[in-house]
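So you can see what is in the structure, the chains are spelled out below.
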Amino acid sequence: MLRLALRTLWFRASVFVASLLVMLSAAAIMMACGGLIETGIRTAVPPRQLTSADIVVAGDQEYHDSGGDPDEPPILPERVRIDARLEQTIAGLDGVRTTKSYVFEGKAPPGTVDAIGVEAKPGQDVAQLRKRIDAVVGDRTVTLVGDERGRAELREAQASGVTVMALAGVFTAFALLVSIFGVASMLGLSIAQRQRDMALLRAVGATPRQVRRLIFRETLMLSVVATAVAYVPGHLLGRFLFDRLADRGIAAHGVAFHQGWIPTVAATAVAIVAALAGALLAGRRAARIKPTQALAEVGVEGRYAGAGRMILGVVLLAGAFALTMVTIVVMSGPLTPATGAPAVILLGLGFALLAPGLTKITTFVLQWPVHALAGVIGQLAILNARGRSSRMAAVMAPVILLTTVSVGMVYLQTTNDKADRRAFADNLVADAVLTIPGGVDPDLVHQINGLPGVAGASEYVNSLGFIEKPQDRSPMNEGWTLQGVTAEGAGATTPVKITGGAFADLRGDTIAIERAHAHQLGVDVGDPITLRMGDNTALDVRVAALFSAPDGYDTLLLPADTLAAHTTEGVATRILVKANNDTSTKQLVGQLDGAAAAAGATVGSRDVLLKEYDDEKRTANFAIYIMVLMIAGYAAITVTSTLASSVTARRREFGLQRLAGSTRTQVMQMVGLEGALVALSGVVIGSAAAAVILVPVSLKRLDSVMPAGGPWIFTALAIFTLLLTLSAVLLPAWRATHGRPAEAALAVE
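The rules behind each value
Residues numbered from 1 in each chain as written. Predicted model: local features only at pLDDT ≥ 70, side-chain atom pairs only at ≥ 80, totals over all residues. Heavy atoms only, no water. Helix = DSSP H or I, 4+ residues; strand = E, 2+ residues; numbered from the N terminus. Buried < 20%, exposed > 50% of the residue type's maximum accessible area, 1.4 Å probe, protein only. Contact = heavy atoms within 4.5 Å. Areas by Shrake-Rupley, 256 points an atom, 1.4 Å probe, with all protein chains shown as cover. Lys, Arg positive; Asp, Glu negative; His and termini not counted. Charge placed at Lys NZ, Arg CZ, Asp CG, Glu CD. Expected span 1.5 Å × (residues − 1). Pairing = 2+ DSSP bridges. Axes fitted to C-alpha atoms, helices over the stretch in contact; angles between N-to-C directions. Core = buried A, V, L, I, M, F, W, Y, C linked by side-chain atoms within 4.5 Å. Patch = residues over 30% accessible without salt bridge, like charges linked within 9 Å, V, L, I, M, F, W, Y side chains within 5 Å. Salt bridge = Lys/Arg side-chain N within 4 Å of Asp/Glu carboxyl O. Polar contact = N/O pair within 3.5 Å; in protein donor to acceptor, adjacent residues only side chain to side chain. Bend = angle between axes of the 7 residues up to and from the residue. pLDDT = per-residue confidence, 0-100. Parallel < 35°, antiparallel > 145°, perpendicular 65-115°, else oblique. Phe/Tyr/Trp six-rings, centres within 6.5 Å; stacked < 30°, edge-to-face > 60°. Lys NZ or Arg CZ within 6 Å of the ring centre and 35° of its normal.

A short note on the overall build of the protein chain
Helices and strands together make up the secondary structure of the protein chain, namely 25 helices and 16 strands. Its C-alpha atoms put the protein chain at 95 × 75 × 45 Å along the principal axes. Across the 749 residues that make up the protein chain, the buried fraction comes to 53%. In the protein chain, the proportion of contacts linking residues at least 24 apart, taken out of those at least 6 apart, comes to 82%. When the accessible surface of the protein chain is split by element, carbon and sulfur atoms take 61% of a total near 32,900 Å². Counting 65 positive and 62 negative side-chain charges, the protein chain places the averaged centre of each group 18 Å from the other.

Set out below in structure tokens:
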């Protein structure tokens, strides 16, 4: 069987080259994702200021008592500082040569530092010294060696490492599903084109097991070659993606990209298993068909859609509908894509698996308009589509997947972006923003509150924190938004309404909390709450006020000076100002110019915060669009390879058609119509599949049937799909019809 497999690969080179390209692309994507995962796990940051230190002692940026997965603790947003007296303690340990304290950013509170560098004595074992240091430092402290040391300098490195690893994990999961389908679709077409070969093998005595082994070995050889060739492209793709993430600020600059042998071997194994899984799905019927039935089907269209394929398609659609219901009923705000994106992938795969049945429907519906527009050539294209429905389904399936993923993911993101921005803008009630890099003077806030036309002014600080007592869980276990305000102007500059207590009492170690959240915790005005602040400090506060707020306002309000003391900067740098009903934003900004100039501040409208929000959103969404581009790119490669292979295999048919009197131009017109039929059907079905999730999400979040983003996105995607499909059929058809018809008529199909 091995020799037969090799001969088959040689004599069916075109179809196997197409399969090789699909497998190579899948393997390269897997390897790139593996490199991103390894980079996120390592989070290697070569030190700059700490190069002389053998060991670095720094604050632990992970919060281990959040109540979530202990293996994936949330990363604290502020610099976790350590007790400066630890330097003296460490300096007295055996094996320590020198120590030095560092402050890398902000203004450290008295008695604290950002890190302590430790230089070991000559000949001292660093691992042993590290154990001695671990024994004397607290549980909020970590010791770093090697390329870990740079994390103390680059605080955001650890958070970005977790983000990169999570994104790469999602990429890998989606890519695995799509690649299994892509390989199965390509191999299914390959087996359909080799129906005569399989029939003869069964007729001369080959058993179903031998046929399965043949298909298995062909696929194994192709996948091994593909993964070997994919090593360099996979590494380059991984580095390219990481650099783009770093350019956008998703990955921290300074983190080193790593793609060692572990992700390469793992990606190779996954790619090979995915290819073999696709081979098992594609070759199941070829191995079980009876010899007489096979010979009878040599000249006619075989059955491409088995019961297993139909059942799997229905199961995937059922899962997609379930995720759609969860997205609509349970998810809200920024959490919507968490279930919406997987629903899009499952919808695309489910409808693509049902392509054989959908192909018959679309061919039936389009036969009259095609015949009316193209006459005899159109009728011939329809007859070919009917007679080759299994092959048409094989080439239409990746078009459906490409359309569903690209349309669904892009419009899902644009819809959620518009809804999130609308919610942010609605919750931003301030009309002007003063920015003071050196820190806000509370007297300036009091002065602005007394200006004519000002309804209220408040300091503005933001961070994240956790509620430890009473026990609580934050959304996605990522912490609650903490906002620092000035009691005097909090009512005018926040979108809340006091229902208990008063903003005037929001001073010192106090907190204002949404009333439903307070009821859930079992607390009321005057009750104590323990917070874990963003700098890993425990803070006991008293409930000063309860408030009602718009949906999705997951924010806890604290006095600005209290919250600022637990941030990396240590001070509030902004003041929010609300104009009264008789003052326009332009008039307000003009009135604030005098006070701002005296304090060295800059004044702007609320657009300053909206622009910052838009910039952050664009940065976060870049990773989503990278994922869409990767999956859509792979689907596009599958479409091109599948269509090109399908058309190339029809050389004999084209030769016979030309011998019967058709010109080369007429053959090309027929093939173009078939390609347009595939593209149009795939785009319509893929768009309908995407609409299953887009319409309800849009209704929920925007109160509109149409998703945000405008029709130009769909138009561009549809034109791209049409051009891709037509080029994938016309170019191979031009090559296949080049030469004498008599020679083409004798070609092996």
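Some points on helix 12 (residues 307-329)
Over its 23 residues, helix 12 runs 33 Å from end to end, which matches the ideal 33 Å to within 8%, given 1.5 Å per residue. Listing the buried residues of helix 12 in full gives R309, G313, L316, L317, A320, T324 and T327.

Quick look at the sheet that holds strand 3 (residues 96-102)
The strand order across the open sheet built from four strands is 3-5-1-6, with neighbouring strands paired in antiparallel fashion. Single-partner strands in this sheet number two, and they are strand 3 and strand 6 (141-144). Taking each pair of neighbouring strands and ignoring which way they run, the sheet shows an average axis angle of 20°. Of the strand pairs in this sheet, strand 1 (residues 55-59) and strand 6 are connected by four bridges, and their pairing is antiparallel. When the bridges of strand 6 are listed, V57 appears paired with T143. Across the face of the sheet, helix 4 (residues 126-136) comes into contact with strand 1, strand 3, strand 5 (115-120) and strand 6 while running at roughly 30° to strand 1.

Quick notes on the nonpolar core
In a soluble, globular protein the nonpolar side chains are often hidden away together inside. Counting 119 residues, the largest nonpolar core has L36, F171, F351, M409 and F654 as its most contacted members. If you tally residues by element for this core, the top one is helix 15 (residues 389-427), at 15 residues.

A few points about a nonpolar patch on the surface
Side chains of F216, L220, V224 and L280 sit close together on the surface and give an oily, nonpolar patch of about 320 Å² of accessible area. For the nonpolar patch, the leading source of residues is helix 8 (residues 208-229), giving three residues. By secondary structure assignment, the location of V224 is in helix 8. Owing to a relative accessible area of 41%, V224 belongs among the partly exposed residues under this scheme.

A short note on the side chain of S463
Tracing the backbone through its elements, the reader meets S463 in strand 8 (residues 454-469). For S463, a relative accessible area of 8% translates into the label buried. A polar contact of 2.8 Å, which involves the side chain of S463, links it to the side chain of E78. Filtering out sequence-adjacent residues up to four positions away, S463 remains in contact with P77, E78, W480, T481, L482, G534, L563 and T567.

Thoughts on helix 21 (residues 607-648)
With 42 residues, helix 21 ought to run about 62 Å at 1.5 Å a step, and its terminal C-alpha atoms sit 57 Å apart, in line with that. Maximal helix bending in helix 21 amounts to about 30°, located at N621.

Section: the confidence of the model for the protein chain
Per-chain confidence: the protein chain averages 84 in pLDDT, with 91% of residues scoring 70 or above. In this model residues 297-302 is a low-confidence stretch, pLDDT under 50, and it forms 15 contacts with partners more than four residues away in sequence or in other chains.

A closer look at the environment of S584
By the secondary structure assignment, S584 is in the loop between strand 15 (574-579) and helix 20 (585-599). S584 sits in the partly exposed class, given a relative accessible area of 33%. The sequence separation of S584 and D431 amounts to 153 residues, and the corresponding C-alpha distance is 8.7 Å.

Re the packing of helix 8 against helix 9 (residues 231-247)
Look at helix 8 against helix 9: their axes get within 4 Å of each other, and the N-to-C directions meet at 45°. Considering their axes alone, helix 8 and helix 9 lie oblique with respect to each other. Counted together, T227, A228 and V229 of helix 8 and Y231, V232 and P233 of helix 9 form the full contact between these two elements.

Quick look at the environment of R386
Positionally, R386 belongs in helix 14 (residues 355-387). Non-local contacts of R386, meaning those with residues more than four positions away in its chain, are made with T363 and Q367.

Some thoughts on unusual backbone geometry
Following K469, the chain continues into P470 via a peptide bond in cis, with omega recorded as -5°. Even without being glycine, T43 reaches a positive phi, approximately 45°. With a relative accessible area of 4%, T43 lands in the buried category. Of note, the phi angle at D703 is positive, near 55°, even though the residue is not glycine. With respect to the helices, strands and loops of the structure, D703 is situated in the loop between helix 23 (664-702) and helix 24 (711-736). For D703, a relative accessible area of 67% translates into the label exposed.

Section: the environment of V461
Mapped onto the fold, V461 is located in strand 8. Along the sequence, V461 and A252 sit 209 residues apart, while their C-alpha atoms lie 23 Å from each other. Ignoring sequence-local partners within four residues, the contact set of V461 consists of L482, Q483, G484, A560, L563, A564, T567 and A572.

Details of the side chain of S160
When you line up the elements, S160 lands in helix 6 (residues 157-193). Not counting chain neighbours up to four residues away, the residues in contact with S160 comprise I250, A251, A252 and V255.

Quick notes on the packing of aromatic side chains
Under the criterion given, the structure shown has six aromatic pairs. Note on Y102 and F104: the rings are 5.6 Å apart at their centroids and 10° apart in plane angle, and the pair reads as stacked. Accessibility assignment for this pair places Y102 and F104 in one class, buried. Plain terms: the ring middles of F424 and Y613 are 4.4 Å apart, the flat faces sit at 10° to each other, and that makes the pair stacked. Placement of F424 in helix 15 and of Y613 in helix 21 is noted, with a sequence separation of 189 residues between them. Classification of F424 by relative accessible area gives partly exposed; the value is 26%. Classification of Y613 by relative accessible area gives buried; the value is 14%. The ring centre of W734 lies 3.6 Å from the NZ or CZ of R664, which sits over that ring.

What about the pattern of salt bridges?
Under the defined criterion, the tally for this structure stands at 18 salt bridges. For the salt bridge of E148 with R130, the shortest nitrogen-to-oxygen distance reads 3.5 Å. Taken together, the positions of E148 in the loop between strand 6 and helix 5 (150-153) and R130 in helix 4 put the pair 18 residues apart, joining distant regions of the chain. Given a relative accessible area of 27%, E148 falls into the partly exposed group. Accessibility expressed as a relative area gives 25% for R130, which makes it partly exposed. Residues D247 and R244 are paired through a salt bridge, measuring 2.8 Å at the closest nitrogen-oxygen approach. Taken as a pair, D247 and R244 lie in helix 9 at a separation of three residues, close to a single helical turn. Each of R79, R81, E105, D114 and R155 takes part in one network of salt bridges that share partners.

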